Amino acid sequence: MGRLFGTDGVRGVANADLTAELALGLSVAAAHVLAEAGTFEGHRPVAVVGRDPRASGEFLEAAVVAGLASAGVDVLRVGVLPTPAVAYLTGSLGADLGVMLSASHNPMPDNGIKFFARGGHKLADELEDRIERTYRAHSAGEPWDRPTGAGVGRVKDYDQGFDNYVAHLVGVLPNRLDGLKIVIDGAHGAASRVSPEAFARAGAEVVTIGTEPDGLNINDDCGSTHIAKLRAAVVEHGAALGVAHDGDADRCLAVDHEGNEVDGDQILAVLALGMREAGTLRRNTVVATVMSNLGFKLAMEREGLTFVQTAVGDRYVLEEMKAGGYALGGEQSGHVIALDHATTGDGTLTGLMLAARVAATGRPLAELVRVMERLPQVLVNVPDVDKTRVGTSPELTTAVAEAEKELGATGRVLLRPSGTEPLVRVMVEAADIEQAGAVAGRLADAVKSALG
């Protein structure tokens, strides 16, 4: 059996891979591991539990709550809220543990469990491994002390979570959004209520699409993975910009007034300049992954800002930000972390900050994003190869060196083994899309030849 925890919690098809039994067992294990780690020392533990609107979230929430309460943890159910809201409330309420049930941008049949430690921070890999080992030991029959009587956890709904989180979002903005018309696509997900309310309280005129979740339509032809409807709605309503979330609203993509998509790299670039101007961009540094467009790197260098790269995954961005004391980081996919205000990527906060920059400058988003030129990017997946030898094959080292020499200073090559599939991703960027495609094709053939 493979490792249960991936890069962002435990995910799978609900009631097939991710069962009620698994959800309950992992929750019990998490309570025990955190107790052993000293998290609960000296007090009765409390957990915040939230979910996105997926139908399966209803029974999985019940399983998680049952597991935690049976292990002696008091539970505050906050209902349908974004992942960053659960992280925020875990910290602001002084809870010992947070649990979010969501599969983010995945299709509706999937679901997932993500744990947050005290303060609303993601669990370290070592703690996830201990939770998994404890879960497997319990499943194999290892007994555990079950509290009885007054020792069992108590469960109650925490209805103030929505207002507390929205007030936090609006409260951290540097300026209001009065005079801006903004279209919000909530992906029929966890931000369907939160995001429109936050933008409205900040002064924007709000138009909504994808904000009528029924438990079955999350991410269905809407949200950050299907941007076409937002583009059309922004143009139709004459809006200043549009904001698209994914199912759990930890990411944000945008659309300018002309209907052009604005990705995570461009959002980071706009926010970085605004934060530098305000004096809040610590060490004048932005953190992003190796998948960020080369145009972003060139723009940051031109603006005199430092660009620190990490492995792919927002958790690695966050680790680097904490280690270096940086304030802003993110991914091309729209995970943007403003560490002074959030412990994880927050799509609603990102959209608000972007809109606040438009309002403060009086310049349209289409003009602000011109700070960077997004270079054409070609991505080719090469399946059925030995991905473990990507970094050690002399043939590939030679092929990459030749490709980089051909592309020159305004192009780049990245070979990256997939984290979950037996394939290698070949990414090539260049000012000329035809050149990028040709180089990517040759490198894909080289990967097949060297690793097939």
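Report on the accompanying structure. Within any chain, residue numbers begin from 1 and follow the written order of that chain's sequence. Restriction of local features to residues with pLDDT of at least 70 applies here, the model being predicted, together with a cutoff of 80 or more for giving and counting side-chain atom pairs; totals for whole chains, interfaces and linings are based on all residues. Hydrogens are left out, water is left out, and the side-chain values use all remaining heavy atoms of the structure.

Looking at the overall build of the protein chain
Heads up, the rule is: Think of it this way: any DSSP run of H or I at least four residues long counts as a helix, any run of E at least two long counts as a strand, and we number them from the N terminus. In this setup the radius of gyration rests on C-alpha atoms only. A globule is expected at 2.2 Å times the number of residues raised to 0.38. Any residue under 20% of the maximum accessible area for its type is buried, any over 50% is exposed, and the rest in between are partly exposed; the area is computed with a 1.4 Å probe on protein chains only. The contact rule is simple, with two residues in contact once any of their heavy atoms fall within 4.5 Å. Per-residue and other accessible areas were derived by the Shrake-Rupley procedure at a 1.4 Å probe size, with only the shown protein chains allowed to occlude residues. For the charge count, each Lys or Arg is scored as positive and each Asp or Glu as negative, with His and the chain ends excluded. By convention, the point assigned to a charge is CZ for Arg, NZ for Lys, CD for Glu and CG for Asp.
The number of helices and strands found in the protein chain is 14 helices and 19 strands. Here the C-alpha atoms of the protein chain give a radius of gyration of 23 Å, agreeing with the 22 Å that 2.2 N^0.38 yields for 452 residues. In terms of overall dimensions, the protein chain has a C-alpha envelope of 70 × 55 × 40 Å along the principal axes. Taking all 452 residues of the protein chain together, the buried fraction comes to 56%. Sequence separation of at least 24 residues holds for 71% of the intrachain contacts in the protein chain that already meet a minimum separation of 6. Split by element, the accessible area of the protein chain, about 18,000 Å² in all, is 50% carbon and sulfur. Placing the 41 positive and 60 negative side-chain charges of the protein chain at their respective mean positions leaves the two points 3 Å apart.

Side note on the layout of surface pockets
A probe as big as a water molecule, rolled over the atoms, marks out the empty space that is left. Worth spelling out the cut-off: Cavities and pockets are defined on a 1 Å grid built over the protein atoms alone: a cavity is a set of grid points where a 1.4 Å probe fits but cannot escape, while a pocket is an open set with protein on both sides within 12 Å along at least five of seven lines, and lining residues are those with an atom within 4 Å of any such point. Grid points are joined across faces, edges and corners, and a volume is the space filled by probe spheres set on the points. Classification convention: Asp, Glu, Lys, Arg as charged; Ala, Val, Leu, Ile, Met, Phe, Trp, Tyr, Cys, Pro as nonpolar; all other residues, Gly among them, as polar.
Taken as a whole, the largest pocket holds about 1,300 Å³ of empty space. Lining the largest pocket are 33 residues, with Thr 7, Val 312, Gly 313, Glu 331 and Arg 416 sitting closest to its centre. Secondary structure elements with two or more residues in the lining of the largest pocket: α10 (314-324), β17 (377-383), β18 (412-417) and β19 (423-429). For the lining of the largest pocket, the element with the highest residue contribution is α10, accounting for 3 residues. Split by residue class, the lining of the largest pocket holds 9 nonpolar, 15 polar and 9 charged. In this structure, the second largest pocket is lined by 18 residues; those nearest its centre are Pro 174, Gly 274, Met 275, Ala 278 and Met 353. Counting only elements with at least two residues in the lining of the second largest pocket, the list comes to α8 (264-278) and α11 (347-361). For the lining of the second largest pocket, the element with the highest residue contribution is α8, accounting for 5 residues. Split into classes, the residues belonging to the lining of the second largest pocket amount to 11 nonpolar, 4 polar and 3 charged.

A short note on the packing of helix α13 (residues 394-407) against helix α14 (residues 433-451)
To keep things clear, this is the line we draw: Every angle, taken between N-to-C directions, lies between 0 and 180 degrees, and every axis is a line fitted to C-alpha atoms, over only the stretch in contact when it is a helix. Each angle receives one of four descriptions, namely roughly parallel if under 35 degrees, roughly antiparallel if over 145, roughly perpendicular if within 65 to 115, and oblique otherwise.
Axis separation between α13 and α14 bottoms out at 9 Å; the angle between their running directions is 170 degrees. Relative to α14, the element α13 is oriented roughly antiparallel. Taken together, the residues of α14 that come into contact with α13 (itself represented by Glu 395, Leu 396, Ala 399, Val 400, Ala 403, Glu 406 and Leu 407) are Gln 435, Val 439, Arg 442, Leu 443, Ala 446, Val 447, Ala 450 and Leu 451. Tallied by class, the residues present in the contact of α13 with α14 amount to 11 nonpolar, 1 polar and 3 charged.

Looking at the pattern of salt bridges
Here is the rule: In the sections that follow, a salt bridge refers to a side-chain nitrogen of Lys or Arg positioned within 4 Å of a carboxyl oxygen of Asp or Glu.
For the structure on display, the rule yields 31 salt bridges. For Asp 8, the salt bridge is made with Lys 114, and the minimal N-O distance between the two is 3.1 Å. Taken as a pair, Asp 8 in the segment before β1 (10-13) and Lys 114 in strand β5 (residues 110-117) lie far apart in primary sequence, 106 residues in all. Here the two residues Asp 8 and Lys 114 agree in accessibility, since each one is buried. With its nearest N and O atoms 2.9 Å apart, the salt bridge here joins Lys 122 to Asp 314. Of the two residues, Lys 122 is situated in strand β6 (residues 121-122) and Asp 314 in helix α10; the sequence distance between them amounts to 192 residues. Of the two residues examined, Lys 122 and Asp 314, each falls in the buried class. Overlapping salt bridges bring together Arg 3, Asp 125, Glu 128, Asp 129 and Arg 315 as one network.

Considering the sheet that holds strand β12 (residues 261-262)
Formally: Strand pairing requires that DSSP identify at least two bridges connecting the strands.
Strands sit in the order β9-β8-β10-β11-β12 across an open sheet of 5 strands; the sheet is mixed. Only two strands of the sheet have a single neighbouring strand rather than two, namely β9 (205-209) and β12. Sheet topology note: the strand β8 (residues 181-185)/β9 ladder contains 5 bridges and is parallel. Bridging across to β9, Lys 181 finds its partner in Glu 205.

Some words on helix α6 (residues 194-201)
Restricting attention to buried positions, one finds in α6 the residues Val 194, Ser 195, Pro 196, Ala 198 and Phe 199. Residues of α6 that are buried make contact with α5 (161-171), β8, β9, β10 (241-245) and α11. Of the residues trailing α6, Gly 203 is marked for its positive phi of about 110 degrees.

Quick word on the sheet that holds β18
Across the sheet, which stays open at both edges, the 3 strands sit in the order β17-β19-β18 with antiparallel pairing between neighbours. Of all strands in the sheet, those with a lone pairing partner are β17 and β18, marking the two edges. Averaged over all adjacent pairs, the angle separating strand axes in this sheet is 15 degrees, with direction ignored. Strand direction decides the pairing type here: β17 and β19, joined by 7 bridges, are antiparallel. Across the sheet, residue Pro 383 finds its bridge partner in β19, namely Leu 423. The strands touched by α14 are β17, β18 and β19; relative to β19, the strand with the most contacts, the crossing angle is about 155 degrees.

Things to note about unusual backbone geometry
The phi torsion at His 188 lies on the positive side, around 50 degrees, for a residue other than glycine. Relative to the helices and strands, His 188 is located in the loop between β8 and α6. The exposure class assigned to His 188 is buried, which follows from its relative accessible area of 15%. One non-glycine residue, Ala 249, lies in the positive phi region at around 60 degrees. You can see Ala 249 is positioned in the loop between β10 and β11 (252-256). According to the relative accessible area criterion, Ala 249 is buried, its value standing at 0%.

Purely spatial values, then, with no claim about function.
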